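Secondary and tertiary structure notes
The lines below spell out each chain.
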Amino acid sequence: MAKSTSKSLVIVESPAKARTIAKFLGSGYQVEASVGHVRDLPGGAKDIPEKFKKEPWAYLGVDVENDFEPVYIVPADKKKQVTKLKQALKDADSLYLATDEDREGEAISWHLHELLKPKVPVHRLVFHEITKEAIQKALSEPRQIDNGLVRAQETRRILDRLYGYDVSQLLWKKVGPGLSAGRVQSVAVRLIVQRERERIAFHDATYWDLEAIFSTSNGDSLPAMLSTVEGRKIPSGKDFDADTGLLTNPQLLQMNEAQSTELAEKLRTEEFKVTKVEVKPFVERPRAPFTTSTLQQEANRKLGFTARRCMQAAQKLYENGYITYMRTDSTTLSNEAINAARDLVKSEYGEKFLHDTVRVYKGKVKNAQEAHEAIRPAGTPFRVPSAVQSELDRDQFRLFELIWKRTVACQMADAKKQRIGVSIEGGDCKFTASGTSILFEGFLRAYVEGSDDPEAELADKERLLPAVNENDALSPQTIDPKSHTTQPPARYSEASLTRMLEEKGIGRPSTYASIIDTIQKRDYVYKKGSALVPSWTAFSVIRLMETHFDALVDYDFTAQMEDFLDTISREEAESLEYLKNFYFGDESAEPQKLCNKDAIGLKNRLASKIEEIDPRLTAKFSLGFPEEGENREEVFVRVGKYGPFLEQGERKAPILDGMAPDEMDLEKAMELFESASREDEPLGTHPESGKPIYMKAGRFGPYIQLGEKDDEEKRNQSIPKSIPAEDVDFDMACKLLSLPRNLGNYPDNNEPIMAHDGRYGPYVKCEKETRSLPAGMSPLEVTFDEAVALLKQPKTRGRAAPKEPIKVFEKKSPVTDQEIKVLEGRYGPYATDGETNASVPRGTDAKELTFEAALDLLAERAAKGPSKKKKKKKKAVKKKATKKKAAKKKTTKKAVKKKAATKATKKKGIIKKSS
């Protein structure tokens, strides 16, 4: 039998990337995906190999007693893919490792090499974009695996494991279960908490000025603001101390409402004239092409994307060959890209919009582990957005257009503008008017930062003033008092947090999306609009860290750790000594001296602090002492097992979910205590049980309690959202406690119909059948006939009433040869090819999903194998069956043995008898 022709095996990370690269390679190559990392540290002691299970460091997966040797395992969901890769390698005559060119990508290549143990030549392929030219060039210039990048990634992984696992366990004991700590996430939480502290400490100030509209001799209107009165300047917001609310310069004139009203009345009869007209030309230059961080920030501001949504769309664009690699700190462009951008400026906007020389942008990043080009459209010449719109889903297209415009704009001419300032005087007062006009749009014709519509934004950026000259007489149309209140510093949004982390050199922009996700999942932070608001749990954790482990959340120290990883990637430093100092420190030193940031001694510090840390203190925040009332004891916010609450001596009151820390002050606390004290007075006594009925305020809103709090049979009943709490009196409380109501027996099966108020709203139920009540229908008022009519209707969700597909593609699946559909599932939209189901990423419009994007989702899901949950269930069933089988086998074996013994005894008796 003839042997099949050998092929070169090319391994990339994702199926989508594999499919794109396969288009550019001939039949002599087989392209497969690793689907991310194929090896990693074990998830915990349960995943550690048997021979290490008894080691004290087993839970870490890092042998801290033997030069921090990591224990690598193949995760269960990757074993199928690894087997597939090993099989493919058997028929290959060479191996090309074509993973991404950053530290993570280099580490994946190294792990593949270690795991597959190839006996054929191995080459490392690196490319910045997935185009035919880039792939062919990479094939002609392969290199070896970069050990510096691999060691840097491994050191980061070990540092994160030591920090994350050990500090997280301390937080579980001292703050609460389910919390976590991390090298970057803890610092990110500290930044958000620090900003909330500034808001809490902030004292606002109110000041008044005058807003006027003057008429020129031509009848034009000229708006202006009061700037000085009798030579004294009117303050602005920056002139007030944020901590006291007082003026920083007492020479400034802070008017109140009465003073401003009196002054306005006086000035309405005064004569005014223009005393100065000043024109200052200036230029505005385009911003550099996108890096990972600036792309996330601009996508958040301009498109409303979260960091994760931005990176998901960028990943797809890169894998399918539309943009260059999207994890980069560099702002430079290749000569080919610069020429392509300049050609587009000429063809799309005209010669006059092209900058006369090539613009070169230099970033501040010195590390060698990231890609060396900014994010830009892939290939040359660049494809225009209109040419690819039909190939991309909505998110991908909008992001591609953003990258395209920014890249082209960076080679365009400066925008030329001028500022116009006009001074107007009269009645010992001075008003000023300012305007901006655009003389030449330049790069703004293509790209305006923070705007999706350059044309509209250009109009907004201009503030034109009527033509006036010095000594021109003006008459006041209106002069009105205007109030201003200083505002606290704004909370971080995803964009501003990303910018701050990058400015401080903390972490890598490519990780910010997952960091922001993590701190929200851990309930350290929640969103209010686009603002990131810290929880009281975050306050408690950060206070503990700052008090006892200050270096771990120190901004400079964390940034220095990142710099050290860069030196490892450049092979300028070794990691072992650093890891020893970080984890063990100087073991001869006293515990309190181990706070040296160069030798933190994490293990010893944790051991010394475990008894010292008092969770009652770290989770206790003072609001001050009441000045009025009988009880003058100090008021605290406490973070308890079931959430935050207020405490004043023996008094306690819950804090409602969603109340930001800066909204909680002494006045608000006393209101909540007053509200809680009213809860101690019953609404009345329940006519049937004889127990008192109370109206209570809980974390999730008001509710009715039947019985005293120490009554083992007490019962709570939530108040439906449709009923205002102030409308609940004794009669209403009794009605609510009657839930669930028995409406009568269903005619078809003679079973009772019950009306309930549940977690997801009111509903009726008969046996296993349930139907939600329509809006406006109360479980207290629904009638028997209405309930029967609802139960006779088919279910509007679930298998009983399948929904129409969101989308059905014309082409069939190349894998299953079945239709590919996008359906609405219980947990959101998903794509299916009849065998595999893949969720549509959050934030992606399911209707805009393209055929290629659906294939990518299905291929990635299929490559991962069955979900862990299903596997676990199957394993449990299998284990149960095996146990049952073993028991049966044991019983059978015992019965067989007994039968054999009986038979032998009988046989012995027969032999004896015959003899």
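Refer to the preceding data block for the structure.
In short, a report on the structure. (Residues numbered from 1 in each chain as written. Predicted model: local features only at pLDDT ≥ 70, side-chain atom pairs only at ≥ 80, totals over all residues. Heavy atoms only, no water.)

**Comments concerning unusual backbone geometry**
What counts, and what does not: The helix and strand labels rest on DSSP assignments: H or I over at least four residues marks a helix, E over at least two residues marks a strand, and numbering proceeds from the N terminus. The buried label applies to any residue whose accessible area, calculated with a 1.4 Å probe on protein chains only, is under 20% of its type's maximum; exposed applies above 50%, and partly exposed to all values in between.
Residue P381 is reached from T380 by a cis peptide bond, and omega for that bond is -5°. Tracing the chain through its elements places P381 in the loop between α10 (335–348) and α11 (385–388). Positive phi, close to 55°, is recorded for D67, a residue that is not glycine. By the element assignment, D67 lies in the loop between β3 (62–63) and β4 (69–70). Judged by relative accessible area, which is 45%, D67 ranks as partly exposed. Look at K117: it is not a glycine, yet its phi comes out positive at around 45°. Positionally, K117 belongs in the loop between α3 (103–116) and β6 (122–124). Residue class for K117 comes out exposed when judged on its relative accessible area of 62%.

**A word on the nonpolar core**
Put simply, the test is: Definition of nonpolar core: a set of buried residues of the types Ala, Val, Leu, Ile, Met, Phe, Trp, Tyr and Cys, connected through side-chain atoms within 4.5 Å.
The biggest cluster of nonpolar side chains holds 163 residues, and the ones touching the most others in it are F127 and L399. For this core, the element with the highest residue contribution is helix α5 (residues 147–174), accounting for nine residues. By size, the runner-up hydrophobic cluster in this structure holds 26 residues, among which are V229, M255, L263 and V274.

**A closer look at the pattern of salt bridges**
Threshold: By definition, a salt bridge exists where a carboxyl oxygen of Asp or Glu is found within 4 Å of a side-chain nitrogen of Lys or Arg.
Under the defined criterion, the tally for this structure stands at 47 salt bridges. Taking the shortest distance from any N to any O, the salt bridge between R157 and D40 comes out at 3.0 Å. With R157 in helix α5 and D40 in the loop between β2 (29–33) and β3, this residue pair connects regions lying 117 residues apart in the sequence. Between D517 and R308 there is a salt bridge, with the nearest N and O atoms lying 2.1 Å from each other. Of this pair, D517 sits in helix α15 (residues 509–521) while R308 sits in helix α9 (residues 307–319), placing them 209 residues apart in sequence. Here the salt bridges share partners, and the residues they tie into one network are R103, E104, R156, D160, R183, D329, R508, E562 and D566.

**Concerning the packing of helix α8 (residues 292–303) against α9**
Our working rule: To get an axis, a line is fitted to the C-alpha atoms, and for a helix only the part in contact is used. The angle between two axes follows their N-to-C directions and goes from 0 to 180 degrees. Two helices cross in a left-handed way if the nearer one is turned anticlockwise from the farther one by less than a right angle. They cross in a right-handed way if the turn is clockwise. Whether two residues are in contact is decided by their heavy atoms: any pair within 4.5 Å suffices. Classes in brief: Ala, Val, Leu, Ile, Met, Phe, Trp, Tyr, Cys and Pro nonpolar; Asp, Glu, Lys and Arg charged; the others, Gly included, polar.
Running from N to C, α8 and α9 point in directions that differ by 115°, and their axes come no closer than 9 Å. Seen from above, α8 lies across α9 with right-handed handedness. For the pair formed by α8 and α9, the contact residues are T292, L295, Q296 and A299 on the first element and A307, C310, M311 and A314 on the second. For the contact of α8 with α9, the class distribution of residues is six nonpolar, two polar and no charged.

**Description of the sheet that holds strand β27 (residues 769–772)**
Adjacent strands of a sheet form backbone hydrogen bonds with each other and so pair up, either parallel or antiparallel. Under the convention used in this document: Here, any two strands with at least 2 DSSP bridges between them count as paired.
Strand order in the open sheet made by the four strands is β24-β25-β26-β27, with antiparallel pairing throughout. Of all the strands in the sheet, just β24 (741–745) and β27 have a single pairing partner and so form its edges. Ignoring strand direction, the axes of neighbouring strands in this sheet form an average angle of 25°. Alignment of strand β25 (residues 752–758) against strand β26 (residues 761–766), held across five bridges, turns out to be antiparallel. Bridge pairing in β26 links G758 to G761.

**Examining the pairing of strand β15 (residues 531–534)**
Of the two faces of β15, both are covered, the one formed by A531 and V533 as well as the one formed by L532 and P534. Both strand β14 (residues 525–528) and β15 contribute to a ladder of four bridges, which runs antiparallel. Paired with K527 across the two strands is L532, which belongs to β15. Once β14 ends, the chain turns through two residues before running back antiparallel as β15, passing G529 with a positive phi of about 70°.

**Examining the side chain of S423**
In this fold, S423 is placed in strand β11 (residues 415–426). Sequence-distant contacts of S423, defined by excluding residues within four places in its chain, comprise K273, V274, T275, K276, K430, F431 and T432.

**Comments concerning the packing of aromatic side chains**
Using the following cut-off: Between the rings of Phe, Tyr and Trp (Trp by its six-membered ring), a pair exists once the centres lie within 6.5 Å; its type follows the angle of the planes, with under 30 degrees stacked, over 60 edge-to-face, and the other angles tilted.
Applying the stated criterion across every chain yields a total of 18 aromatic pairs. On the numbers, 4.2 Å between centres and 15° between planes, the contact of F564 with Y578 is stacked. One end of the pair, F564, is in helix α17 (residues 555–569); the other, Y578, is in helix α18 (residues 576–583), and 14 residues separate them in sequence. Here the two residues F564 and Y578 agree in accessibility, since each one is buried.

**Section: the environment of Y165**
Checked against the element boundaries, Y165 lands in helix α5. On the accessibility criterion, Y165 (25% relative accessible area) is partly exposed. Residues Y165 and Y59 lie 106 residues apart in sequence; the distance between their C-alpha atoms is 8.4 Å. If we skip the residues at most four places from it in the chain, Y165 touches P42, G43, G44, Y59, L60 and D160.

**Overview of the side chain of S14**
Its place among the elements puts S14 in the loop between β1 (7–12) and α1 (15–24). A relative accessible area of 8% places S14 in the buried class. When neighbours within four sequence positions are excluded, S14 is seen to be in contact with A33, E319 and E860.

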